Amino acid sequence: MLKICGISKSFGNQEVLKSVNLEIPPGEIHGLVGENGAGKTTLLNILFGRDIIRHSGGYSGEIYFDEQKVQINTSRDAIELGIGMVHQEFALIPNMSISENIRIGREYVHQPSEKILGTALALIDKKQTREEARKILQKLGVNTDVNLKVLDLSVSLKQFIELAREISRENLKLLILDEPTAVLSREDAQAFIKIVKEIAEKGTAVIFISHRLEEVIAVCHRITVLRDGNIINTYQRDQFEINRIAESMIGHSLNRASRPRRVLEEKSIMAFRNFAVAMPGELIEDLNINLYQGEILGIAGLSGHGKLALGKGIMGIYPTAGHVSIGERILDTSNSADALSQGIYYVPDDRRETGLLMDHSIMENIIFTALQQKNRFLKPSLFSLMSRIDYPASTTYSINSIQTFDIRCQNIHQKVSTLSGGNQQKVCLARALAMEAQILIVSEPSRGVDIGAKARILEALSRINRELGTTIIMASSELDELKYLCDRIVVLYEGKNFGILSPNDDDLTFALAFSGKRKEELCVI
Amino acid sequence: MRNLTPHIPQLFMIVFLLIMAITAVAAGIPSMRLLNDSMIRLAMNGVLVISLIPMLNVGAGINYGLPVAISAGLLGMSIAVNFRIEGLIGFLAAVLFSILAGWVFGCAYAGILNRVKGREEIAGIFIGFSFVFLMSFFWAVAPFKNAAMLWPIGGKGMRPTIGLTAYFEKVLNHLWAVQIGELILPLGLLAFFGFLGWLVYALFKTKLGLAILAVGENELFARLAGININKTRAYAIILSTVLGAVGICVYAQSYGFIELYEAPLMMAFPAASAILLGGSMGRKTSVFHAILGTFLFQTIYVYTGPIANTILVPEVSEIIRVILSNGIILYALLYEGRGKTYETN
């Protein structure tokens, strides 16, 4: 049915897929698993002809569909071939009814009107469209009024409607399911999987992606593991074993250097009580932890499980519930100025979007926050708003920072947009240092950074922690760097604190924790 | 090689200007007089153009709501004329009243623009248009007492055009004017213009200026740095309005008349095309852009008049000017739109 030969894809200098081969016969449910950034989504985007692939320079390699070589340039091409996709983020039109969404673009029309007016202007046969939509949904075990608008529906119902839309297509040959069960309750997920199995029995090939490993094992005929853009292994049904698959997902890194453990006094400087952050796709719910003075606390978890939301919640980018307290004082999480005044500083994960002023110089980026919040680098003046920037002081400080952090640049007046990812990250850290923060929250400090720069960034974080006594919260998808730096690691699963692990725990424990399992539970299964 | 596409209007205009300069010499038009005119027009219109900078840099786009600022300036000048304050003092008093009026109008204007984030330009056009007519109503019933400002018959309501000859006509143009041969250097006017330019330049070297630039470039970044976005935007909008109000004072003293009622309607477009012509690409617009743009725009205007009148039919210069100013805005919009890619399937 589908055969992929030597597909490679790079975004800029970063190679995210390295000559991937994959073959899926009709009627097979093929599991695709891998950590975040392993290349799963990119592979799917190629198969479904998403614009992001074309805009970033296309892909190399060949795709065969039904024994024929095909070139998928747009989503329309993919649909015409018979590829259907159920999206992780809902691709439904909120203001249309269920039946309209299911039959969109393929509505039933009144025949005479089609003959006179052509396909585009033909009158829609609403009755039949509704009737067919109802039948399809009934097949899925959903009984609902198909005239309801999609925007009024629950999340799990929306997921079923997406599926209904795809399977109602007459020519469906390959169905791609990207994390379809992530938003479903356990019962709904089981119903969903049952339907997927039935579809496959009729000869449709299915690509199934999920972070819930036990689910993948239960439903798939074969499982392919992707890691860093390579296919690590493809497992047959009889080789399925959750530990083995988890291990090959994580891989074994070469850099296993461990640091001497230290014993820290458990003196809480920041406490989260029933803390919740409403970041879409990265919810945190009911978080209760204490942050100890001088420690590095790691936040781990797969994407979508909330690890990026912590810093954003504290800085007021997303609405929060519960509270965060510094000592006796409760933090106003609706206003980042309050967090900054309490000595909290946040280095965001999306440097280009929120971390830097890309059009400004290195110097302006380094001094910016300290200048605005602490009136550093300013000449004394009557009104602080109108006080002029103290250029000599800023220059000296920036040059020092460049040396401290080893920022590779021509001079401090270079625009940060021309720097590499690693150097941009160092500029962000230099800004944090200028703030003299007590608590530093860093999110994905080494994302999109090459190996050399990564080591220096981690080293810098370690130095900030040990020499300046700054307490650090570090969220990262790279388990290795968390284990290298952190004193304790909180694993978030579905937005909740799954447990606090020690950096000395083995990778398997972590891999299982990421999918919401404990080692002890495994024995029972 | 550098991408020259965004600079096509400037290059085109510079070439056009050179051709006209040569034609002017060939046609025997006194070039010194033209140079004088272009200098005066630069300073006269320049302040209005500079007034666009704070709003551009805070990310609120071109201030098409300039009539709001102009109305504030007209009000300020009317107050000064009402009290019959004459000469340079009269002008400075007019500026002072305009600043106060601009501050008040700016606060209201900022309040509205902060509610229509992302659509400030189109909102500005409509705010400007509706505000002008609101002010027309005010002019008709304003309780001013100086007979020179009122309708001669009936003595109620303001005249559409108020002559400034008795008050502060050309006080800046004549201040410290130095004559070198045929060339008259209006030093006072240029100094005033230069001072305002320096103020805006210096603003962006301050804490507030840096915050304005940051909000314009990346609102999320600014928010993370603890900056109050709406307040910073309001400061920039108020600044633009105050500068615009001062700008119309400079314009009016040089022009010799205060024009009320519908006159402010079309003032925004020449200023907008001047700053676009100067090479402004939205954020990070500098005073240099404003001065260069105004100089090119106004000099062309000064040159087209006599040349067109000599060689072609009269009135052609006005047509060319309108085509130029609107064409440049259109080009800038086209160029802005090109950067975006749309889903094609």
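Conventions and cut-offs
Residues numbered from 1 in each chain as written. Chains lettered and ligands numbered in written order. Predicted model: local features only at pLDDT ≥ 70, side-chain atom pairs only at ≥ 80, totals over all residues. Helix = DSSP H or I, 4+ residues; strand = E, 2+ residues; numbered from the N terminus. Rg over C-alpha atoms; globule rule 2.2 N^0.38 Å. Contact = placed C-beta atoms within 7 Å. Buried ≥ 20, exposed ≤ 12 C-beta atoms within 10 Å, placed from the backbone. Core = buried A, V, L, I, M, F, W, Y, C linked by C-beta atoms within 7 Å. Domains from an automatic or database assignment. pLDDT = per-residue confidence, 0-100. Nonpolar A, V, L, I, M, F, W, Y, C, P; charged D, E, K, R; others polar. Pairing = 2+ DSSP bridges. Axes fitted to C-alpha atoms, helices over the stretch in contact; angles between N-to-C directions. Parallel < 35°, antiparallel > 145°, perpendicular 65-115°, else oblique. Left-handed = near helix turned anticlockwise from the far one by under 90°. Expected span 1.5 Å × (residues − 1). Arc of directions from axis to C-beta.

Asks: Can you explain the overall build of chain B? Please cite residues and give values.
Replies: Along its length, chain B carries 14 helices and four strands. In terms of C-alpha radius of gyration, chain B reaches 21 Å, essentially the compact-globule figure of 20 Å for 345 residues. Taken along its principal axes, the extent of the C-alpha atoms in chain B is 65 × 55 × 40 Å. For chain B, the proportion of contacts with a sequence separation of at least 24, taken over those separated by at least 6, is 75%.

Asks: Describe the overall build of chain A, naming the residues involved and giving the relevant values.
Replies: If you tally the helices and strands in chain A, you get 20 helices and 20 strands. Relative to the compact-globule value of 24 Å for 525 residues, chain A shows a C-alpha radius of gyration of 26 Å, a close match. With the C-alpha coordinates aligned to their principal axes, the bounding extent of chain A is approximately 80 × 55 × 45 Å. Expressed as a percentage of its 525 residues, the buried residues of chain A come to 43%.

Asks: Outline the nonpolar core, supporting the account with residue identities and numerical values.
Replies: Counting 254 residues, the largest nonpolar core has V206, F208, I441 and M474 of chain A together with A214 and A271 of chain B as its most contacted members. Per element, the largest residue contribution to this core is 14 residues, and it comes from helix α11 (residues 229–255) of chain B. The two domains that each donate at least three residues to this core are domain 1 (93–167) and domain 2 (268–524) of chain A. Excluding its chain neighbours within four sequence positions, the residues that come into contact with F208 of chain A are I29, H30, G31, L32, L177, V216, V219 and C220 of chain A.

Asks: Tell me what's going on with the domain arrangement of chain A, and back it up with residues and numbers.
Replies: For chain A, the assigned domains are domain 1 (93–167) and domain 2 (268–524). Taking only C-alpha atoms, the centre of domain 1 of chain A and the centre of domain 2 of chain A are 46 Å apart.

Asks: Give me the lowdown on the confidence of the model for chain B, citing residues and values where you can.
Replies: All names here are of chain B. Within chain B, residue pLDDT values average 85, and 94% of them lie at 70 or more. Ignoring residues within four places in sequence, the model shows residues 337–345, a span with pLDDT below 50, making five contacts including any to other chains. Predicted complex, confidence summary: ipTM 0.82, pTM 0.76.

Asks: How would you summarise the interface of chain A and chain B if you had to cite specific residues and measurements?
Replies: How big an interface is tends to be expressed through the accessible area that disappears when the partners come together. Taken together, the contacts link 30 residues of chain A with 21 residues of chain B. Of all elements in the fold, only α2 (51–55), α3 (75–81), α12 (336–341), α13 (351–355) and α14 (362–374) of chain A reach the threshold of two or more residues within the side of chain A that touches chain B. No other element matches the six residues that α14 of chain A contributes to the side of chain A that touches chain B. Of the residues assigned to the side of chain A that touches chain B, the class counts are 14 nonpolar, ten polar and six charged.

Asks: Which residues make up the pairing of strand β14 (residues 320–326) of chain A, and what are the values?
Replies: All names here are of chain A. Looking at chain direction, strand β11 (residues 268–277) and β14 are connected through six bridges and run antiparallel. Bridged to A271 within β14 is S325. Strand direction decides the pairing type here: β14 and strand β15 (residues 329–330), joined by two bridges, are antiparallel. In the sheet register, S325 faces β15, and the bridge partner there is I330. The hairpin formed by β14 and β15 contains two residues between the paired strands, and G327 there has a positive phi angle of roughly 60°.

Asks: I'd like to hear about the pairing of strand β17 (residues 439–443) of chain A, residue by residue, with values.
Replies: All names here are of chain A. Taken across its five residues, β17 has five buried, putting it largely inside the fold. Side chains I439, I441 and S443 project from β17 onto one buried face, and the interleaved L440 and V442 project onto a second face that is buried too. Two elements, β17 and strand β18 (residues 471–475), share five bridges in a ladder whose sense is parallel. If you follow I441 over to β18, its bridge partner there is I473.

Asks: Tell me about the packing of helix α9 (residues 207–217) of chain B against α11 of chain B, residues and numbers included.
Replies: All names here are of chain B. Interhelical geometry of α9 versus α11 gives an angle of 110° and a closest axis separation of 10 Å. As summarised for this structure, α9 and α11 are arranged roughly perpendicular, according to the angle between their axes. Between α9 and α11 lies a crossing whose hand is left-handed. Contacts between α9 and α11 involve L208, A211, I212 and V215 from the former and I229, T232, R233, Y235 and A236 from the latter. The residue makeup of the contact of α9 with α11, split by class, is seven nonpolar, one polar and one charged.

Asks: Describe the sheet that holds strand β20 (residues 496–501) of chain A, naming the residues involved and giving the relevant values.
Replies: Residue and element names in this part refer to chain A. Across the sheet, six strands lie side by side as β16-β17-β18-β13-β19-β20; this open sheet has mixed pairing. The sheet is open, and its two edges are formed by β16 (344–347) and β20, each paired on a single side. Neighbouring strand axes in the sheet, compared pairwise and without regard to direction, differ in orientation by 20° on average. The sheet contacts of helix α19 (residues 507–514) involve β13 (296–300), β19 (488–493) and β20, and relative to β20 the element is tilted by about 175°.

Asks: Help me get a handle on the packing of helix α4 (residues 66–82) of chain B against α11 of chain B, residues and values and all.
Replies: Residues and elements named next belong to chain B. With their axes 7 Å apart at the nearest point, α4 and α11 run at an angle of 55° to one another. Taken together, the axes of α4 and α11 lie oblique to each other. Where α4 crosses over α11, the two elements pack in a sense that is right-handed. For the pair formed by α4 and α11, the contact residues are L66, V68, A69, I70, A72, G73, L74, G76 and M77 on the first element and S240, T241, G244, A245, V246, G247, I248, C249 and A252 on the second. Partitioning the contact of α4 with α11 into residue classes produces twelve nonpolar, six polar and no charged.

Asks: Talk me through helix α1 (residues 8–26) of chain B; I want residue IDs and the actual numbers.
Replies: Residues and elements named next belong to chain B. For α1, with 19 residues, the first-to-last C-alpha span of 27 Å sits near the 27 Å given by 1.5 Å per residue. Three or more residues of α1 are buried, namely P9, M13 and M20. One side of α1 holds all its buried residues, which, seen down the axis, span an arc of 30°. In α1, the exposed positions that point more than 90 degrees away from the buried face belong to I8, L11, V15, L18, I19, I22, V25 and A26.

Asks: Which residues make up the environment of L287 of chain A, and what are the values?
Replies: Residue and element names in this part refer to chain A. Mapped onto the elements of the fold, L287 is located in strand β12 (residues 284–292). The sequence separation of L287 and R169 amounts to 118 residues, and the corresponding C-alpha distance is 43 Å. When residues no more than four places from it in sequence are discounted, the contact partners of L287 are F272, F275 and N497.

Asks: Describe the confidence of the model for chain A, with residues and values.
Replies: In this model, chain A carries an average pLDDT of 84, and 95% of its residues clear a pLDDT of 70 or more. Taken element by element, the predicted model of chain A shows its lowest mean pLDDT in helix α20 (residues 519–524) of chain A (59) and its highest in β18 of chain A (93).

Asks: Describe unusual backbone geometry, with residues and values.
Replies: All names here are of chain A. Within the chain, D66 stands out as a residue other than glycine whose phi angle is a positive 55°. Here D286, not a glycine, exhibits a phi torsion of approximately 50°, which is positive. Residue position: D286 is located in strand β12. In this structure D286 comes out as partly exposed when scored by C-beta crowding, with 14 C-beta atoms within 10 Å.

Asks: Describe in detail helix α7 (residues 155–167) of chain A, supporting the description with residues and values.
Replies: All names here are of chain A. Between its first and last C-alpha, α7 extends 19 Å over 13 residues, near the 18 Å set by a 1.5 Å rise per residue. The set of residues buried in α7 consists of Q159, F160, I161, E162, L163, A164, R165, E166 and I167. Tucked inside the fold, the buried residues of α7 contact β6 (83–86), α4 (98–102), α6 (126–139), β7 (174–178) and α8 (186–201).

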